[in-house]
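Read off the chains here:
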Amino acid sequence: QVQLVESGGGLVQAGGSLRLSCAASGRIFSINAMGWYRQAPGNQRELVASITRGGTTNYRDSVKGRFTISRDNANNTVYLQMNSLKPEDTGVYYCNAEHGAYYSWGQGTQVTVSS
């Protein structure tokens, strides 16, 4: 089992920044890729960014150049630095870990960007 706990969400004005953190515990040695997803009201959950154990990253087009995902393997934590935030970035952000044939999710953290 892998447990994930997110933190760092909040309310910010457009153009501002937030940094999300996701701390993993449990069978952390089995984790391969980790990622951040978000879900706005009425929308499906969508991938924002992901990072492999080796550090290869992937971003959805709408956040490229504004968001940065990073991973601290020593502390079992993944971060999402979000700059130049836009109202359309509003949603609940979920941390995800892929470990073998399984996926684990955090409880989510709310990000609200006001215009």
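Sequence positions are assigned chain by chain, starting from 1 and proceeding in written order. Only residues with pLDDT of at least 70 are given local features in this predicted model, and only at 80 or more are side-chain atom pairs given and counted; all residues enter the totals for whole chains, interfaces and linings. Think of the side-chain values as coming from all heavy atoms in the structure, minus any hydrogens and water.

Participant: Would you mind showing me how to read the nonpolar core here?
Facilitator: Within soluble globular proteins, side chains that are nonpolar generally end up buried alongside one another. Counting residues in hydrophobic clusters, the biggest one holds 26 residues, and the most contacted among them are M34, W36, L80, M82 and Y93. No other element matches strand 3 (residues 18-26), which puts four residues into this core. Setting aside residues up to four positions removed in sequence, M82 forms contacts with G16, S17, L18, L20, R66, F67, Y93 and V111. Residues enter a nonpolar core if they are buried and are Ala, Val, Leu, Ile, Met, Phe, Trp, Tyr or Cys, with the set joined through side-chain atoms within 4.5 Å. Exposed residues in this analysis have more than 50% of their type's maximum accessible area, buried residues have under 20%, and partly exposed residues fall in between, with area computed by a 1.4 Å probe over protein chains only. Per the convention used, a helix needs a DSSP run of H or I reaching at least four residues, while a strand needs a run of E reaching at least two, with both numbered from the N terminus. Residues are treated as being in contact if the distance between any of their heavy atoms lies within 4.5 Å.

Participant: I tried to follow the sheet that holds strand 1 (residues 2-7) on my own but got confused; where do I start?
Facilitator: Strand pairing in a sheet relies on backbone hydrogen bonds. The paired strands run either parallel or antiparallel. Here we have four strands laid out as an open sheet, ordered 1-3-8-7, and antiparallel in their pairing. The open sheet has two free edges, formed respectively by strand 1 and strand 7 (67-72), since each of these has just one partner strand. Taken pair by pair, the neighbouring strands of this sheet meet at an average axis angle of 15°, ignoring direction. Two strands form a pair only when DSSP identifies at least two bridges running between them. Where strand 7 and strand 8 (residues 77-82) come together, six bridges link them in antiparallel fashion. Angles here are taken between N-to-C directions and fall from 0 to 180 degrees, while the axes themselves are lines fitted to C-alpha atoms, restricted in helices to the stretch in contact.

Participant: Before we go on, may I ask you to explain the packing of aromatic side chains in this structure?
Facilitator: The description of an aromatic ring pair rests on the distance of the ring centres and on the angle between the ring planes. Centres within 6.5 Å are what make two rings of Phe, Tyr or Trp a pair, Trp counting through its six-membered ring; a difference in plane orientation under 30 degrees is then read as stacked, over 60 as edge-to-face, and the rest as tilted. Within this structure, the stated rule accounts for two aromatic pairs. Between Y37 and W105 the ring centres are 4.9 Å apart and the planes differ by 70°, which places this aromatic pair in the edge-to-face class. Taken together, the residues Y37 in strand 4 (residues 34-39) and W105 in strand 10 (residues 102-105) connect sequence positions 68 residues apart. The exposure class of W105 is partly exposed, given its relative accessible area of 37%. A centroid spacing of 6.5 Å and a plane angle of 85° characterise the contact between Y94 and W105, whose relative ring orientation is edge-to-face. Taken together, the residues span a long stretch of sequence, with Y94 in strand 9 (residues 91-99) and W105 in strand 10 at a distance of 11 residues. Following the ring pairs from residue to residue traces out a cluster consisting of Y37, Y94 and W105. Any Lys NZ or Arg CZ that is within 6 Å of a ring centre and within 35 degrees of that ring's normal is treated as a charge sitting over the ring. The ring of Y79 has R19 lying over it, and the distance from NZ or CZ to the ring centre is 4.0 Å. The ring centre of Y94 lies 3.7 Å from the NZ or CZ of R45, which sits over that ring.

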